[in-house]
Amino acid sequence: MKKASDDIDNHRYKKAFENLDKVEKIEEEVKDPEISYHLLFFKGFAKYRIDELEESLTLFGKALEISWELFSKEPEKEDYRSFIGDTIGSIGDILSKLEDPDKAKEYIYPMKGIFEKAIMGFEKLLESDPENPEYLEEFLETIEHIGLCFEAGELIEDAVPLFDKKFDLIEKLLKSETEMSEHLSSLDDSLMNFGRICEEEEYLEEEYIEEAKRVYDRAIEIYGKVLDKDPENSETKVYLSYAYRYLADMYSDMGNLEKAEECYKEALSLLESEIEEEPEDIPVSENIEVSENIPFPKNIPFTMALADMYKDSGLIFSDTEETTKARDYYMKARETFRGLMDKYPDLLGADKNLARSLDELAELFSEIGDFESAEICYKDELKVYENLLQKEPENPEYSLKLSDIYRELGNLFAEEGEIEKARAYYEKEIEIYENLHPTEADKLMLEANKADTWNQIGQLYAEEEPETAVQYHERALPVFQEAFESDPDSEFFHEELLETLTYLGLLFKKNREFEKAIRVYEKVLEVQKQLLELMPPESCREIGHDHNMEHDHNMEHNHDMDHDHEMEHDHDLNHNHDLDHDHEMEHDHDLNHNHDLDHDHYMDHDHGLDVETTYFELGVLHSELGDEEKAGAYHRQALERFEQVIAEQFEDPKLLIFTSGKAFFLGMSLLEKLESEKKDSSVARKYYELALRIIEKLYESCPMNLRLQEILASFAEQIGDIYRDADKLEETIQEYEYAYRSLKILYENDPENPMHLHHMLGALNNIGIGYSVTDQQEKGKECFEKALALNESLAKSNPEDLDPLKRNFLLFSNYANLLEELGDSETAKGYRKKAEEIDAKLAEEDPEWASSLEYL
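Just so it is clear, the structure is predicted and the values come from calculations on it, not from any experiment.

### Quick look at the nonpolar core
Phase 1 of the analysis: Counting residues in each nonpolar core, the largest one holds 209 residues, and the members touching the most others are Leu95, Phe115 and Leu409.
Phase 2 of the analysis: Ranked by residue count, the leading element in this core is helix α6 (residues 101–128), at eleven residues.
Phase 3 of the analysis: Filtering out sequence-adjacent residues up to four positions away, Leu95 remains in contact with Leu57, Ala104, Tyr107, Ile108, Cys149 and Ala152.
Phase 4 of the analysis: Listed in part, the 32 residues of the second largest apolar core include Ala713, Tyr740, Leu743 and Leu788.

### Concerning the side chain of Glu27
Phase 1 of the analysis: Summarising the element assignment, Glu27 is placed in helix α2 (residues 13–30).
Phase 2 of the analysis: This buried residue, Glu27, is left without a salt bridge; Lys31 holds the nearest opposite charge, at 6.1 Å.
Phase 3 of the analysis: Residues in contact with Glu27, not counting those within four places in the same chain, are Asp32, Ile35 and Ser36.

### Notes on the pattern of salt bridges
Phase 1 of the analysis: Applying the stated rule across the entire model yields 59 salt bridges.
Phase 2 of the analysis: Note that Lys259 and Glu262 form a salt bridge whose closest N and O atoms lie 3.7 Å from each other. Taken together, the residues span about one helical turn, with Lys259 and Glu262 both in helix α13 (residues 257–272) at a distance of three residues.
Phase 3 of the analysis: Under the relative-accessibility criterion, Lys259 is labelled partly exposed at 31%.
Phase 4 of the analysis: Given the relative accessible area of 40%, Glu262 is considered partly exposed.
Phase 5 of the analysis: Two residues, Glu375 and Lys421, come together in a salt bridge whose shortest N-O distance is 3.5 Å.

### A word on helix α29 (residues 653–676)
Phase 1 of the analysis: Compared with an ideal rise of 1.5 Å per residue, which puts 24 residues at 34 Å, α29 spans 34 Å between its outermost C-alpha atoms and is within 8% of the ideal.
Phase 2 of the analysis: Counting buried residues in α29 gives 20 out of 24 residues, a clear majority hidden from the surface.
Phase 3 of the analysis: The positive-phi residue at the C-terminal boundary of α29 is Lys678, with phi of around 60°.

### Thoughts on the environment of Tyr216
Phase 1 of the analysis: Among the secondary structure elements, Tyr216 is positioned in helix α11 (residues 206–229).
Phase 2 of the analysis: In this structure the C-alpha to C-alpha distance between Tyr216 and Gly195, which are 21 residues apart in sequence, comes to 9.4 Å.
Phase 3 of the analysis: If we skip the residues at most four places from it in the chain, Tyr216 touches Leu191, Phe194, Gly195, Ala243, Tyr246, Leu247 and Met250.

Rules used in this analysis
- Residues numbered from 1 in each chain as written.
- Predicted model: local features only at pLDDT ≥ 70, side-chain atom pairs only at ≥ 80, totals over all residues.
- Heavy atoms only, no water.
- Core = buried A, V, L, I, M, F, W, Y, C linked by side-chain atoms within 4.5 Å.
- Buried < 20%, exposed > 50% of the residue type's maximum accessible area, 1.4 Å probe, protein only.
- Helix = DSSP H or I, 4+ residues; strand = E, 2+ residues; numbered from the N terminus.
- Contact = heavy atoms within 4.5 Å.
- Lys, Arg positive; Asp, Glu negative; His and termini not counted.
- Salt bridge = Lys/Arg side-chain N within 4 Å of Asp/Glu carboxyl O.
- Expected span 1.5 Å × (residues − 1).

And the structure:
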């Protein structure tokens, strides 16, 4: 057994299993349950280490049964208490590593009986000696392990009741003579776990909110009891402030920002009370990175915690309209950090924790559009790493971290449109790369990092100075070509090569240099095909279809330069394949349709292995040169590739929806271009019909998924808009009628949702106009009357809302025109008068209302 243990520790698993086989032969002879337990435990552990998780769980399940038998007979025996606790803990670890809640449930259900018996066994044991600290600590640990199992299986209703038992045990331990700090930490860990559970959406439903609040209140009460006995206990105050923060996060997730802010104010007050005018020195903490093990002022950790709490307080307002409130809290955090740096420059001028906090704060300022404050935070962070580099000039980690910060500053001002300032920061990043002295093996990666930054600079000039942009991208191109040829398996190299080519292709296309653009996209296709040969289909699909649609390069600077450094460069690559068309989703006469699908989500995509889009681009470019034969051939290849992708994805609805969206937006952009040029648009229609077919089939297999009907309605509305603008009225009516059918299904299933009514009104208005113009006035009249009835019901639901009035203005105007055509001038006059009255009222009540009857 000892040899097997050593083999496992040293990753000699074959030897380990050989030794365990010998143990098994002995166990068969002596039939000793302790040997059986150890045998199963070690086998399970070895299987866990080699990632055979389900086999490991089976072995630990058997070990659990034996450990319970031993514990139930002799619970006073320390080894047996350890057996059951360790086994449940191991099971929890494996279930967590599985990352499959459904599979975890399959393993947990047969074990739940033993979990319950183990709890009762400890409770019975404590009846004999209620204050025994060993029993209390082991029981607490076992309950935490059981909770971990339930969390892995997302068995929230089973996990939550365990918190009361945990708190009972912690409260008893806090009264004992054991180490208080450990128990306060344990209580904090429990609350963090509870917060993780509360993040499950279903747990924040109304029926659970009171229960969640009760759990937090119980923890706050326990901390309060400790402070009643020892009011100056600083550690308890810090943990209590964290408890208020967790409660604030819960209220924030519920959308109750007022209560969330109240909790944060309680937390801030506790930390502020610990800041002293003349603080005592305390032993150095692991959290403060100083070069010498010397005492430091107590104010430092409390002030750092206070600044972080200000930052977290602002976060609750960052995604709301109250960004001023968010900024006020962030400013307090920044001022607090800056005060620390000024007061303790020797201790904190080179503190990595402070640098990390400043980096987070800079990002938060950036998110609310306060670029000036973000720049200040990044510059403070720069000072920290410059100080660290001064102390260790040969440490490349600090140089590369400085390059990261310059990248962030460049991105910051690129987003703000300050091109020259962004360029200056990007050039500082390049300067750092040029001053590094990598090994021969690392030179190519370093050159690739420089080339990546050239691409960033090129992007700055893409709109205003495309010739300058081309120069930078052409400078980067040979670097990535060489890097890809030397290591085609590197995701970073092949992505950067494809992106560089795509930048160039888009610039050439925009400049109408179509032959150059074709040559570039042919290279893109060549690389994509090479990658398809190198990679299995499943990984190709994963790389080619990143659902987040953001190119967040964790540029692994694996230079073997003795550092583990990640450059998180969010490149924000806008590969816009919309054929130089900005599709406005709202038209003056479509009753403000906000189409649900985001065009950029599909079109600003990772070119990766997106061969179908490359074929599409080549088709469009050859068409621009007048070679319709080649254009048609490429479009056929694009559509065939889409069919192939759909066949590969048939078991993954999310990927199918994504692929459908991409096909739709390619088709939509091409349709609009061809219709505006009065050209045959049948090829564009094929992309649209392909997209529709995917979603229709998905809906057939899953009719309860109304999101699919929303997608169908959105597709049809947008295509209807294009045909309407091209004066193709029969096609316009057909698309809006399709949209109306989908919207009607949505309304019937969710009559309380006003958005469905809004869209139905838009469709009816457009169908009504279409029939009116195509001499089908009676059908048009029927549509307008339906629309007026719908709008009346919307107006009743919210009398203060001006939108129904605006819609009535449009509907009355259009209906009046139709009635005139039908010869009913008297009724038309009445509706026109109503429209004029609405116009006057809106002009008075809405300062932005600047329309006119004649224009509409």
